[in-house]
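Listed here are the chains, written in short residue letters.
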Amino acid sequence: MSMIISGVLTVIVFLIVPVLIGMLANAFRRKKHFSIALFLISGYGVLFAFFELLVLPFIYLKLSFTLMVWVYSIPVALLSLFSLYLPRRILIEKLCGIPKVLKGLPWCAYLAAALILLQTLTAAVGMHVDDDDAFYVATATTTVETDTIFQYDAYTGLPYEELPSRYVLSPFPVWNAMMSTLTGLHPAIVAHTVMPVFYIPLAYAALFLLAFWLFEKNRVNAWLMIFFAALIQIFSFYSIYTGGTFLLVRIWQGKSFLANILIPAIFYFCIRTMNQRKTERTDWLLLAAMMGASCMVSSMGIMLAPIEVGVMGIVMYLMHRKLHILAYGAACCSINLICAAVYILIR
């Protein structure tokens, strides 16, 4: 019975809540063009950005992990319930339209879905032991067992004499610990079994958004792009440093989430936001959320994401000659710049 409850809670916190938060985040756009993939990516971006802003004060004030879980979960739960009321017509339309969408899919869409399902099941059922377990999974376990956040060294069990500057600003293991607490599963199970089930399809959801933006008038080409991307990933284990390797065997690590989900998602939101004739402030806020999420998952995201936005901002400014693109783009990078400054100070 407990496993059934844990399974239901897992689906709620990893799938339903991000969709509801993403649906709420997109409800105020002027142009009502939505998809479940957009809701998922937007939802995770908002959830991760909120987690980043909340957990850092808890770390430096040495507050308890349990208190942080409650302070985070209550507003997220209330917003999720509110999203059921506010844009409920959108959700109903999307759910009712699923049979029609499935019926109209091209043949290559089913091949792409089969490859994605194969990769997801292989990662979830199989087992890959990684040296980074010694820190990432151990830190999550230490957080749960001691009810503290970055106060004990996961390698030795001794109290930290000083905070680990490389990881403290990107507390993705603490997210694992919180998911473990909310679902009732051990952090190792969450990392190696649960996260691949949800995060591998999430990576292809980000690619889905990009593909359908690039091939807006040709759905077959868009699905072919996803299919060949999934095919390439299967043959990418010729090095431990490739994106495919991180996606299929290390998706539970924050740097893999950054490379395979957030970097493509930020690229999508840059194109979608900076290429508009009229400013859509909701999209800029979502881009800012993605930037906050990039800080949360990995210290590399603190600088890689602003570089991506900066390059895109310059290109789009040269195309459209609109100064607000540079101004808004810089504003979206503010949390990254703050984290970069803090990192230099505590290093």
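Residues numbered from 1 in each chain as written. Predicted model: local features only at pLDDT ≥ 70, side-chain atom pairs only at ≥ 80, totals over all residues. Heavy atoms only, no water.

**Student:** How would you sum up the overall build of the protein chain? Please name residues and give values.
**Tutor:** Looking only at helices and strands, the protein chain features 17 helices and 0 strands. In terms of C-alpha radius of gyration, the protein chain reaches 20 Å, essentially the compact-globule figure of 20 Å for 347 residues. Considering only C-alpha atoms, the protein chain reaches an extent of 60 × 50 × 45 Å along its principal axes. For the protein chain, the proportion of its 347 residues judged to be buried stands at 52%. Partitioning the intrachain contacts of the protein chain with sequence separation of at least 6 by distance along the chain shows that 74% fall at a separation of at least 24. As displayed, the protein chain offers around 17,100 Å² of accessible surface, 71% of which is attributable to carbon and sulfur atoms. Positive and negative side-chain charges of the protein chain, numbering 22 and 15 respectively, have mean locations separated by a distance of 22 Å. (Helix = DSSP H or I, 4+ residues; strand = E, 2+ residues; numbered from the N terminus. Rg over C-alpha atoms; globule rule 2.2 N^0.38 Å. Buried < 20%, exposed > 50% of the residue type's maximum accessible area, 1.4 Å probe, protein only. Contact = heavy atoms within 4.5 Å. Areas by Shrake-Rupley, 256 points an atom, 1.4 Å probe, with all protein chains shown as cover. Lys, Arg positive; Asp, Glu negative; His and termini not counted. Charge placed at Lys NZ, Arg CZ, Asp CG, Glu CD.)

**Student:** Please set out helix H15 (residues 301-320) residue by residue, giving values where relevant.
**Tutor:** Owing to its 3.6 residues per turn, the α-helix brings residues three or four apart onto one side. In this model H15 runs 27 Å from its N-terminal to its C-terminal C-alpha over 20 residues, within 8% of the 28 Å that 1.5 Å per residue would give. By the burial criterion, the buried members of H15 are Gly301, Ile302, Ala305, Pro306, Glu308, Val309, Met312, Gly313 and Met316. Taken end-on, H15 shows its buried residues confined to a sector of 155 degrees, consistent with a single buried face. Packing partners of the buried residues in H15 comprise helix H13 (254-274), helix H14 (281-297), helix H16 (323-332) and helix H17 (334-346). Remark: arginine 321 follows H15 within two positions and exhibits a positive phi of approximately 55 degrees. (Expected span 1.5 Å × (residues − 1). Arc of directions from axis to C-beta.)

**Student:** Before we move on, can you summarise the side chain of histidine 192 with the specific residues and values?
**Tutor:** Among the secondary structure elements, histidine 192 is positioned in helix H10 (residues 187-214). Owing to a relative accessible area of 9%, histidine 192 belongs among the buried residues under this scheme. Excluding anything up to four places from it in sequence, histidine 192 contacts Ala123, Ala124, Met127, His128, Asp133, Val137 and Trp252.

**Student:** Which residues make up the nonpolar core, and what values go with them?
**Tutor:** In this structure, Phe14, Ile41, Phe48, Met68, Trp175 and Tyr199 are the most contacted members of the largest nonpolar core, which totals 107 residues. Element by element, the count of residues in this core is highest for H10, at 17 residues. Ignoring any residue separated from it by four or fewer positions in sequence, one finds methionine 68 in contact with Phe51, Leu54, Val55, Phe58, Ile149, Val174 and Met178. (Core = buried A, V, L, I, M, F, W, Y, C linked by side-chain atoms within 4.5 Å.)

**Student:** Requested: an account of unusual backbone geometry, with residues and values cited.
**Tutor:** The backbone of aspartate 147 shows a phi angle near 60 degrees, a positive value even though the residue is not glycine. With respect to the secondary-structure elements, aspartate 147 resides in the loop between helix H7 (136-146) and helix H8 (165-168). Despite not being glycine, phenylalanine 150 shows a phi value in the positive range, around 55 degrees. Tracing the backbone shows phenylalanine 150 in the loop between H7 and H8.

**Student:** Requested: an account of a nonpolar patch on the surface, with residues and values cited.
**Tutor:** Residues Ile4, Ile5, Val8, Leu9, Val11, Ile12, Leu15 and Ile16 make up a contiguous nonpolar surface patch of roughly 600 Å² in combined accessible area. Structurally, the position occupied by valine 11 is in helix H1 (residues 2-26). Judged by its relative accessible area of 35%, valine 11 is partly exposed. (Patch = residues over 30% accessible without salt bridge, like charges linked within 9 Å, V, L, I, M, F, W, Y side chains within 5 Å. Salt bridge = Lys/Arg side-chain N within 4 Å of Asp/Glu carboxyl O.)

**Student:** Lay out the state of the cysteines with the relevant residues and their values.
**Tutor:** Following the criterion strictly, the structure yields 0 disulfides and no others. Cysteine 270 takes part in no disulfide bond, and the closest cysteine sulfur to it belongs to cysteine 333, at a distance of 8.0 Å. Given a relative accessible area of 0%, cysteine 270 falls into the buried group. (Disulfide = S-S within 2.5 Å.)

**Student:** Could you give an account of the packing of helix H2 (residues 36-60) against H13, naming the residues involved and the relevant values?
**Tutor:** Closest axis-to-axis distance for the H2/H13 pair is 11 Å, and the angle between their directions is 110 degrees. By the criterion of interaxial angle, the relationship of H2 to H13 is roughly perpendicular. Taken together, the residues of H13 that come into contact with H2 (itself represented by Leu38, Ile41, Ser42 and Phe48) are Phe257, Ile261, Ala265, Tyr268, Phe269 and Arg272. Classifying every residue of the contact of H2 with H13 by side-chain character gives 8 nonpolar, 1 polar and 1 charged. (Axes fitted to C-alpha atoms, helices over the stretch in contact; angles between N-to-C directions. Parallel < 35°, antiparallel > 145°, perpendicular 65-115°, else oblique. Nonpolar A, V, L, I, M, F, W, Y, C, P; charged D, E, K, R; others polar.)

**Student:** Residues and numbers for H16, please.
**Tutor:** Residues of H16 that are buried: Ile325, Gly329 and Cys332. Down the axis of H16, the buried side of the element spans an arc of 55 degrees, and every buried residue falls inside it. Its buried side turned inward, H16 meets H13, H14, H15 and H17.

**Student:** If you had to explain the confidence of the model for the protein chain to someone new, which residues and values would you point to?
**Tutor:** Across the protein chain, pLDDT averages 87, with 93% of residues at or above 70. When pLDDT is averaged over each element of the protein chain, helix H9 (residues 172-183) comes out on top at 94 and helix H4 (residues 88-96) at the bottom at 66. (pLDDT = per-residue confidence, 0-100.)

**Student:** Can you tell me about the packing of aromatic side chains, naming the residues and giving the values?
**Tutor:** Tallying each qualifying case throughout the model produces 25 aromatic pairs. Aromatic side chains phenylalanine 50 and tyrosine 72 sit 5.1 Å apart centroid to centroid with 20 degrees between the ring planes, which places their arrangement in the stacked category. With a gap of 22 residues between them, phenylalanine 50 in helix H2 and tyrosine 72 in helix H3 (residues 65-85) connect regions that are remote in the sequence. Of the residues examined, phenylalanine 50 reaches a relative accessible area of 30% and is grouped as partly exposed. The buried category is assigned to tyrosine 72, whose relative accessible area is 3%. (Phe/Tyr/Trp six-rings, centres within 6.5 Å; stacked < 30°, edge-to-face > 60°.)

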